[in-house]
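# Architecture and fold: a report
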Amino acid sequence: YFKRILQNADNNNLGEKMSEDSNSAILDSISAVTEGCRLPVLMSNGEDWPLAEIISIKDEPPSGKQFYVHFIDYNKRLDEWVDEDRLDTRKIQYPRRDLASSGTTGLNTPKKSTTNSSRPTSPILGNDQMITGPSVLAALQQKQQKNNRKRKLDQTEIKLSPFLPIEVGLTAEEVSSRGSVGCLTDLDIQPATPVLPTVPRQTGSLAAHGDDHAITRIKNMRMIELGKYRIKPWYFSPYPQEITNLDCIYICEYCLKYRKSRKCLERHLQKCPFKHPPGNEIYRKGSISFFELDGRKNKLYAQNLCLLAKLFLDHKTLYYDTDPFLFYVMTEYDSRGYHIVGYFSKEKESSEDYNVACILTLPPYQRKGYGKLLIEFSYELSRVEEKTGSPEKPLSDLGLLSYRSYWKQTILEILIKLQPVEGQEKPQITINEICEQTGIKKEDVISTLTNLELINYYRGQYILTLNKQLVDIHRKQMEKRKIRIDSAYLQWTPKDWAKRGKW
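If you check an unreviewed UniProt entry, the chain appears there as histone acetyltransferase from Meganyctiphanes norvegica. UniProt lists a comment for the chain under the heading Sequence similarities (unreviewed entry), and it reads "Belongs to the MYST (SAS/MOZ) family."

Structure follows, in structure tokens:
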């Protein structure tokens, strides 16, 4: 009997010791998590465990530590603070010292490049590849070869461009069945792809940035209140540090000044002289208005607008020099005033023919057609200036999708409405004519036609072919675009900013 009691006591002691060891192992694994390491993390949807990088760690007594994570190959707007129980420490990957020491951030995620990319920061290597010296060297060699091929392409005069699909032996019946639009007579363009500046512009209100600092990778605002909407920010914005720790920042929707509390905002609204953005109203149709602001004359509003925009734009760095820019703010009118929907900015003088430097539709108004309306308005201004334009690169992921969709719909709309001239069997149009009618730059027109696979080479000339399925899809999409820009309601005269006296 006493022997059995001693055995049971030994078993209990052993169980308690094993439990203490397991708890100690869990605590040890959590304490081993450091900034820069990678491990699977449970997403907020409660289903997926993608690989994530630890950006920062902070103590949150009494709950314990919290970890700010970036999900690899996901947009940075999904970055968040997570608790210990959402980390899978069994598959932790530590950063190599030789890679970490080469960067200024001390983090394992490679530096964001300043090349023409709208994707969020993500590693060059796949998730299933080990980050080793030879693999990094191979990736660098592959990148160098790609750059060399691109440089040779840019230096080559393109006659029969390899970027344009050429159909050999296309019969007249096949062309007719596919609904050919006509001939293109000015396709020998040198080069046929856009040649972007090697170094992005680094001056102005919002400019393309290079290296990321660890602080700027962490969202510093929990919530903002703008008018009747409460919006959760997506990215970092350099608002004053004393207000970033608050649960919510209150922003006046008319002058965009920020306040610490709702009471402060209510007092401000009683004194705020604005019910619309400062500047000149240059367009109004129905409830939609556009205001033009000079970054030099309306400096405070322009800076506050850039601070607000940075909360939802990751591919730009904020500067406070707004003088070289014009801002076009789109508003929606009701009995309370003019409520900001979105905006775009453009340089007063652009050496690269950019008609947009930065563009944003605020989250409450997204997926309602306002993004395409902003893009359409920017090209309407270009047509008035008798110029063609293109947005400044890089574009955000959402911006790139919106522009591609707009280019596709606008060009197809012109091609479908084309009628043959008297004496011609098929309607004819040139690339230059499409550019003049749309304001879209030649390189963007060619890339859009190429992506749509509309250009074919037949009997010594280029032709455009439209099939019935593409036309039907286009007409369905155009039926959904209820809001359009009407040039008759635009009251605007372009200025010659080359004369410095007008600044």
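For Gln-491, the position within the fold is in the segment after helix 12 (468-480). The exposure class assigned to Gln-491 is exposed, which follows from its relative accessible area of 57%. For Gln-491 and Asn-280, which are 211 residues apart along the polypeptide, the C-alpha to C-alpha distance reads 9.9 Å.

Further remarks concern helix 12. Taking 1.5 Å as the rise per residue, helix 12 with 13 residues should run 18 Å; its terminal C-alpha atoms sit 19 Å apart, in good agreement. Turning to helix 12, its buried residues are Leu-470, Val-471, His-474 and Met-478. Down the axis of helix 12, the buried side of the element spans an arc of 95°, and every buried residue falls inside it. Residues Lys-468, Gln-469, Lys-476, Glu-479 and Lys-480 are exposed on helix 12 and point more than 90 degrees away from its buried face. Elements that come into contact with the buried residues of helix 12 comprise helix 9 (397-417).

What follows concerns the sheet that holds strand 11 (residues 280-285). What the five strands build is an open sheet, ordered 11-12-14-15-17; its pairing is antiparallel. The open sheet is flanked by strand 11 and strand 17 (358-361), the only strands paired with a single partner. Neighbour to neighbour, the strand axes of the sheet diverge by 20° on average, direction disregarded. Bridge count between strand 12 (residues 288-294) and strand 14 (residues 325-334): seven bridges; the pairing is antiparallel. Across the sheet, residue Asp-294 finds its bridge partner in strand 14, namely Leu-326. Across the sheet, helix 7 (residues 299-310) lies against strand 12, strand 14, strand 15 (337-347) and strand 17, angled at about 75° from strand 14, the strand it touches most.

With mixed pairing, the four strands of this open sheet are ordered in space as 8-7-9-10. A single partner strand is all that each edge strand has here, and the edge strands are strand 8 (229-231) and strand 10 (258-259). The sheet contact formed by strand 7 (residues 224-226) and strand 9 (residues 249-251) spans three bridges and is parallel. From the neighbouring strand, Glu-225 faces strand 9, where its bridge partner is Tyr-250.

Right, let's talk about the nonpolar core for a bit. Counting 80 residues, the largest nonpolar core has Ile-224, Phe-290, Leu-308, Phe-312, Phe-377, Leu-415 and Leu-449 as its most contacted members. Listed in part, the 13 residues of the second largest apolar core include Val-33, Leu-39, Phe-67 and Val-69.

If you check UniProt for "active site" (unreviewed entry), the listed places come out as Glu-392 in our numbering. For Glu-392, the position within the fold is in the loop between strand 18 (390-391) and helix 9. On the accessibility criterion, Glu-392 (3% relative accessible area) is buried.

As a further point, take the packing of aromatic side chains. For the coordinates displayed, the defined rule picks out 18 aromatic pairs. On the basis of an interplanar angle of 70° and a centroid distance of 5.8 Å, the ring pair of Tyr-283 and Phe-377 is categorised as edge-to-face. Here Tyr-283, found in strand 11, pairs with Phe-377, found in helix 8 (residues 370-384); they are 94 residues apart in sequence, far enough to count as distant. On the basis of an interplanar angle of 20° and a centroid distance of 5.1 Å, the ring pair of Tyr-328 and Phe-344 is categorised as stacked. Of this pair, Tyr-328 sits in strand 14 while Phe-344 sits in strand 15, and the two are 16 residues apart along the sequence. Exposure remark for Tyr-328: the relative accessible area of 0% places this residue in the buried category. Among the aromatic residues, those joined into a ring-pair cluster are Tyr-283, Phe-290, Tyr-328, Phe-344 and Phe-377. Over the ring of Trp-81 we find Lys-58; its NZ or CZ atom is 4.2 Å from the centre of that ring. Of note, Arg-77 hangs over the ring of Trp-234, and the distance from its end group to the ring centre comes to 4.5 Å.

Reading the values: rules and limits
Residues numbered from 1 in each chain as written. Predicted model: local features only at pLDDT ≥ 70, side-chain atom pairs only at ≥ 80, totals over all residues. Heavy atoms only, no water. UniProt positions renumbered as here; feature names shortened; annotations may be inferred. Helix = DSSP H or I, 4+ residues; strand = E, 2+ residues; numbered from the N terminus. Buried < 20%, exposed > 50% of the residue type's maximum accessible area, 1.4 Å probe, protein only. Expected span 1.5 Å × (residues − 1). Arc of directions from axis to C-beta. Contact = heavy atoms within 4.5 Å. Pairing = 2+ DSSP bridges. Axes fitted to C-alpha atoms, helices over the stretch in contact; angles between N-to-C directions. Core = buried A, V, L, I, M, F, W, Y, C linked by side-chain atoms within 4.5 Å. Phe/Tyr/Trp six-rings, centres within 6.5 Å; stacked < 30°, edge-to-face > 60°. Lys NZ or Arg CZ within 6 Å of the ring centre and 35° of its normal.

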